[in-house]
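Per-entry structural report
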Amino acid sequence: MPVAIEQPFQVIPTLDYSLVDGSPEERKRFKADLLHALVNVGFMYLKNTPVTQARGIFEQVNQLLGYIPKVFDLPVETKMTCSMLKSPHFLGYSRQGQEFTKGARDNREQFDFATDYACTWKEGDMEWKRLWGPPLYPPEESLPGFRKCIVDYLNGVAGLGFKVVELIEECLKVPAGSLAQFYDEERMQQRLKLLKYVDASNLRPEDGTQGVGPHFDHGLLTFLLQATAHPGLQVQNKAGQWIDAPPVPGTFVVNIGKALEIATQNVCIATSHRVISPPKGMGSRYSVPYFQSFSLAAKVNQGIPIPQEILDLKRGRGETGIVESVNYSEYATECNGHVQLIGRIKSHPDVGEKWYPELFNELFPDGRPSFGAAY
Ligand SMILES: O=C(O)CCC(=O)C(=O)O
Ligand SMILES: [Fe+2]
């Protein structure tokens, strides 16, 4: 029987998480919507989650929204006390213009935070083991309560993330735990970024308008909180068109990372996305992506066994078109940690050069890039 080819998506589907705990019919509808989003879009809005609705840790989201402008407004010397240059784990503060995507400078300022984790790496171990380690925060007295707010928020979103992975297993009709086999048995470290994109009146003409360039997320799933009303996030469909993903209050934008794509034999798709700097006079855009990850040691290239009826959905999707993005081809041979380490060094070459000089030299034999070499 011929398979209907999906048209390139023009809108990002919205899923109602409250249906998960609804009647059997409602749960079935949720799973059908989720399967469509996983296979054909790679992006979705998720509303009515325990984190974003008026129960659960909703208060933490409100608190976080209040703290975000304040942490960026701290004096630069205070922010630099937790500079990412001090961290072999690529955690901490990065000034605007320190990060690259596909070789071009990103016009965004950011803090990378993570769940607490004691680094277990020691001299002689694989270098990627050093990626997970203690986060750096601004001094408590500079913004009392901020650290606790981030930790509570991280724990809340992480809980939601693990539940969504279980739902994905159900949708793909694979045994429970098929994806969870790529977790560590003990604790794992999960990360988020606080991002500030200044508007064009704060940029020089030569800075361009790249908030963040076209890229795939590397990991399992990303849960993005768009913290202001600014447009700017765009998602690329298989025809190569850039589709707007404007903020919708009370939702997360959830997207699939490359590791999940490969682990599911490309049934779930990672979709390229980018952010355009806000136009002049619109003020700064803030956002908070949470990146859920597999174990650093996980090798996902084999992919999990998936029933044929689900694999067949790939045919209905048709070929993907032009994709302007980084590709993470290293997953074919390397473990998750090594792929992530390469990505981090390419995104933050100054941090990579300091802490991973050998790998840095392999990736950048001509020295620190200005433009055109990095992701
Ligand atoms: O700021 C956003 O809306 C998206 C950020 C993003 O895609 C990323 O940091 O991976
Ligand atoms: Fe992203």
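Residues numbered from 1 in each chain as written. Chains lettered and ligands numbered in written order. Predicted model: local features only at pLDDT ≥ 70, side-chain atom pairs only at ≥ 80, totals over all residues. Heavy atoms only, no water.

Rules: UniProt positions are given in the numbering used here, feature names are shortened, and annotations may be inferred rather than shown by experiment.
Looking at an unreviewed UniProt entry, one finds the chain named Clavaminate synthase-like protein and attributed to Calocera viscosa. In UniProt, the chain has this text filed under Sequence similarities (unreviewed entry): "Belongs to the iron/ascorbate-dependent oxidoreductase family."

**Quick word on the overall build of the chain**
Put simply, the rule reads: Here a helix means four or more residues in a row that DSSP labels H or I, a strand means two or more in a row labelled E, and each is numbered from the N terminus. Atoms counted for the radius of gyration: C-alpha only. Globule rule: 2.2 Å times residue count to the power 0.38. Think of it in three bands: residues with accessible area under 20% of the maximum for their type are buried, residues over 50% are exposed, and the middle band is partly exposed, with areas taken using a 1.4 Å probe on protein chains only. Here, residues are in contact when the closest pair of their heavy atoms is within 4.5 Å. Positive charges come from Lys and Arg, negative ones from Asp and Glu, while His and the chain ends are left out of the count. Note on charges: their place is set at NZ of Lys, CZ of Arg, CG of Asp or CD of Glu.
When helices and strands are tallied, the chain shows ten helices and 14 strands. The globule rule puts the C-alpha radius of gyration for 375 residues at 21 Å, and the 20 Å found for the chain is close to it. Dimensions of the chain, computed from C-alpha atoms along their principal axes, come out at roughly 60 × 45 × 45 Å. Out of the 375 residues in the chain, the part that is buried amounts to 57%. Within the chain, residue pairs in contact and separated by at least 24 positions form 80% of the contacts whose partners lie at least 6 positions apart. Where the 38 positive side-chain charges of the chain centre and where its 43 negative ones centre are 2 Å apart.

**Considering the site of ligand 1**
What counts, and what does not: To be near a molecule or strand, a residue needs just one of its heavy atoms within 4 Å of it. The definition of a polar contact used here is a pair of N or O atoms within 3.5 Å, where within protein one atom must be able to donate a hydrogen and the other to accept one, and adjacent residues in sequence count solely through side-chain atom pairs. Note on areas: Shrake-Rupley, 1.4 Å probe, and residue coverage restricted to the protein chains presented here. Throughout this entry, Asp, Glu, Lys and Arg are counted as charged residues, while Ala, Val, Leu, Ile, Met, Phe, Trp, Tyr, Cys and Pro are counted as nonpolar. The remaining residues, Gly among them, count as polar.
Taken together, 13 residues lie near ligand 1, and Tyr 197, His 215, His 273, Arg 285 and Ser 287 sit nearest. In this structure, an oxygen atom belonging to ligand 1 sits 3.0 Å away from a side-chain N or O atom of His 273. In this structure, Ser 287 approaches ligand 1 through a side-chain N or O atom, which is 2.7 Å from an oxygen atom. Burial of ligand 1 by the surrounding chains reaches 96%, relative to a free accessible area of 290 Å². Counting only elements with at least two residues in the shell around ligand 1, the list comes to strand 7 (191-197), strand 13 (273-276) and strand 14 (285-292). Broken down by element, the shell around ligand 1 gets its largest block of residues, four residues, from strand 14. For the shell around ligand 1, the per-class residue count stands at seven nonpolar, three polar and three charged.

**Some words on the coordination of the iron ion (ligand 2)**
Rule in force here: Only nitrogen, oxygen and sulfur atoms qualify as donors, and only when within 2.8 Å of the metal (3.2 Å in the case of Na, K and Ca); with water excluded, sites may look incomplete.
At 2.1 to 2.2 Å from the iron ion (ligand 2) lie its protein donor atoms, namely His 215 (NE2), Asp 217 (OD) and His 273 (NE2). Between the donor residues of the iron ion (ligand 2), the gaps in sequence give the motif H-x1-D-x55-H. Judged by relative accessible area, which is 15%, His 215 ranks as buried.

**Things to note about the environment of Gln 189**
Along the chain, Gln 189 falls in the loop between helix 4 (146-171) and strand 7. C-alpha separation for the pair Gln 189 and Cys 171, spaced 18 residues apart in sequence, amounts to 26 Å. Not counting residues up to four positions away in its chain, the partners in contact with Gln 189 are Leu 91, Ala 114, Thr 115, Asp 116, Tyr 117, Leu 131, Trp 132, Gly 133 and Pro 135. Of the polar contacts made by the side chain of Gln 189, one reaches the backbone oxygen of Thr 115; its length is 2.6 Å. One polar contact links the side chain of Gln 189 to the main-chain carbonyl oxygen of Gly 133, over a distance of 2.8 Å.

**A short note on the confidence of the model for the chain**
Short version of the rule: Per residue, pLDDT captures the predictor's confidence, and it can take any value from 0 to 100.
This prediction gives the chain a mean pLDDT of 90; 92% of its residues lie at or above 70. Scored below 50 in pLDDT, residues 371-375 makes 22 contacts in the model with residues more than four places away or belonging to other chains.

**A word on the nonpolar core**
Soluble globular proteins: nonpolar side chains tend toward being buried together. Formally: In this text, buried Ala, Val, Leu, Ile, Met, Phe, Trp, Tyr and Cys residues form a nonpolar core when linked through side-chain atoms within 4.5 Å.
Residues Tyr 153, Ile 168, Leu 194, Leu 221, Phe 223 and Phe 294 are the most contacted members of the largest nonpolar core, which totals 90 residues. No other element matches the 13 residues that helix 4 contributes to this core. Not counting residues up to four positions away in its chain, the partners in contact with Ile 168 are Leu 34, Leu 38, Leu 179, Leu 221, Leu 260 and Cys 268. One finds Ile 12, Phe 43, Val 212 and Leu 233 within the second-largest nonpolar core, a separate group that totals 15 residues.

**Focus on the pairing of strand 8 (residues 210-215)**
Within a regular beta strand, the side chains point alternately toward one face of the sheet and then the other, so they alternate between its two faces. Filter applied, for reference: Whether two strands pair comes down to DSSP finding at least two bridges between them.
With respect to burial, strand 8 is a largely interior element, five of its six residues being buried. Across three bridges, the pairing between strand 8 and strand 13 is antiparallel. Counterpart to His 215 in the pairing with strand 13 is His 273.

**Here's the deal with the UniProt feature "domain: Fe2OG dioxygenase" (unreviewed entry) in the chain**
In this numbering, the UniProt entry assigns the feature "domain: Fe2OG dioxygenase" (unreviewed entry) to residues 184-294. Along residues 184-294, the helical share is 5% and the strand share 40%, with 8 Å between the first and last C-alpha atoms.

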